Amino acid sequence: MPAVVIAATNLMPALQERLAGEGELLAFADTEPIQALQAILEQRPSLIVLERLFAATPRGAALINRIKTDPQLGNAEVRVMSHTGDYSRQVARPRSDASGSSSDGAAGDSSRGAGVMAVESASRPLDWHGTRRAPRYKVRAGVEIQVDGNPASVVDLSSVGVQVLSTTILRPNQKVRVSIPNDEFVMRFRGAIAWAKFELPKPNDPPRYRAGVDFADADAIALDDFCAKIKI
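Residues numbered from 1 in each chain as written. Predicted model: local features only at pLDDT ≥ 70, side-chain atom pairs only at ≥ 80, totals over all residues. Heavy atoms only, no water.

Visitor: Break down the overall build of the chain for me, citing the residues and quoting the values.
Guide: Each helix and strand counted, the chain has five helices and 14 strands in total. Burial analysis of the chain (232 residues in total) assigns 44% to the buried set. In the chain, 54% of the contacts between residues at least 6 apart in sequence involve partners at least 24 apart. Surface exposure of the chain reaches about 12200 Å², of which carbon and sulfur atoms provide 50%. (Helix = DSSP H or I, 4+ residues; strand = E, 2+ residues; numbered from the N terminus. Buried < 20%, exposed > 50% of the residue type's maximum accessible area, 1.4 Å probe, protein only. Contact = heavy atoms within 4.5 Å. Areas by Shrake-Rupley, 256 points an atom, 1.4 Å probe, with all protein chains shown as cover.)

Put into structure tokens, the structure is as follows:
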């Protein structure tokens, strides 16, 4: 079966030359991570190569994480290579501890994300992004807010910020308008994206952004009341 190679179009020839001894190559541009993932899931290649610059991007990290955590791709070698020089490294897979959970320090691993881990207790003042300044509560499924007029699913919420999942592009430091429906009125205020990462979830689900939003001028009392209504 062919090896899958993903790189910027202008870097692909040099990378293909480095992989001349690997047999047939199935090439995808760095703008085609969804198509590449689909081919990987269908072909189940023994070798998947990402050009180093693409691997360092949010989309590259999300693709690596998606491959690493898929048990059906357990036999695939994921290799990050430079189009020039001799840089090459094999991406390690998550290690399982005695409890059956996995751990991996690689960048982009969603096991480190606040949406995958249990929400930390209020005794730990900061999350791993360094943005948590108030107790944050997991919310029931189906709760949505508007971020710049686009729907976003709420993962957890506090009086000073929210973690959301959105199919709309969200970037760190981006200024946004937030609208939260609250019974008979809508809370509206300004915010900023504190952190964001691109994710490739299940094959039939669209790509999405997971992001933390810091509120700028929110009504803390109204938000605390709202959290009490929707938290798990």
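Visitor: Describe in detail the sheet that holds strand β4 (residues 77-81), supporting the description with residues and values.
Guide: Strand order in the open sheet made by the five strands is β2-β1-β3-β4-β5, with mixed pairing throughout. This sheet does not close on itself; its edge strands, each paired only once, are β2 (25-29) and β5 (88-90). Direction aside, the axes of adjacent strands within the sheet are offset by 20 degrees on average. Relative to β5, β4 runs antiparallel, the two being bridged by three bridges. Along β5, the bridge assignment pairs arginine 79 with glutamine 90. Packed on one face of the sheet, helix α2 (residues 33-43) meets β1 (3-7), β2 and β3 (47-51) and runs near 155 degrees to β2. Packing of helix α4 (residues 58-68) onto the sheet brings it into contact with β1, β3 and β4, and relative to β3 it is tilted by some 165 degrees. (Pairing = 2+ DSSP bridges. Axes fitted to C-alpha atoms, helices over the stretch in contact; angles between N-to-C directions.)

Visitor: Pulling in residues and values, what's your account of the packing of aromatic side chains?
Guide: Counted by the stated rule, this structure contains two aromatic pairs. Ring plane angle 70 degrees and centroid distance 4.7 Å describe the contact between phenylalanine 189 and phenylalanine 215, whose orientation is recorded as edge-to-face. Within this pair, whereas phenylalanine 189 is found in strand β13 (residues 185-199), its partner phenylalanine 215 is found in strand β14 (residues 208-215), the two being separated by 26 residues in sequence. Given the relative accessible area of 6%, phenylalanine 189 is considered buried. Classification of phenylalanine 215 by relative accessible area gives buried; the value is 9%. Ring geometry for phenylalanine 198 versus tyrosine 209: centroids 5.2 Å apart, planes at 65 degrees, classification edge-to-face. (Phe/Tyr/Trp six-rings, centres within 6.5 Å; stacked < 30°, edge-to-face > 60°.)

Visitor: Explain the pattern of salt bridges residue by residue, including any values.
Guide: The tally for this structure, following the rule as stated, stands at eight salt bridges. Aspartate 148 is paired through a salt bridge with arginine 177; the nearest N and O atoms lie 3.8 Å apart. Of the two residues, aspartate 148 sits in the loop between β9 (144-147) and β10 (150-157) while arginine 177 sits in strand β12 (residues 175-182), which places them 29 residues apart along the sequence. Given a relative accessible area of 54%, arginine 177 falls into the exposed group. Among the salt bridges present, the one from arginine 208 reaches glutamate 199, with a minimum N-O distance of 2.9 Å. Among the charged side chains, a salt-bridge network with shared partners connects Glu22, Glu77 and Arg79. (Salt bridge = Lys/Arg side-chain N within 4 Å of Asp/Glu carboxyl O.)

Visitor: Would you mind going over the environment of aspartate 156 in detail, with residue names and values included?
Guide: As for its position among the elements, aspartate 156 is in strand β10. Taking relative accessible area as the criterion, aspartate 156 reaches 0% and is therefore assigned buried. Along the backbone, aspartate 156 and lysine 138 are 18 residues apart, and their C-alpha atoms lie at a distance of 4.3 Å.

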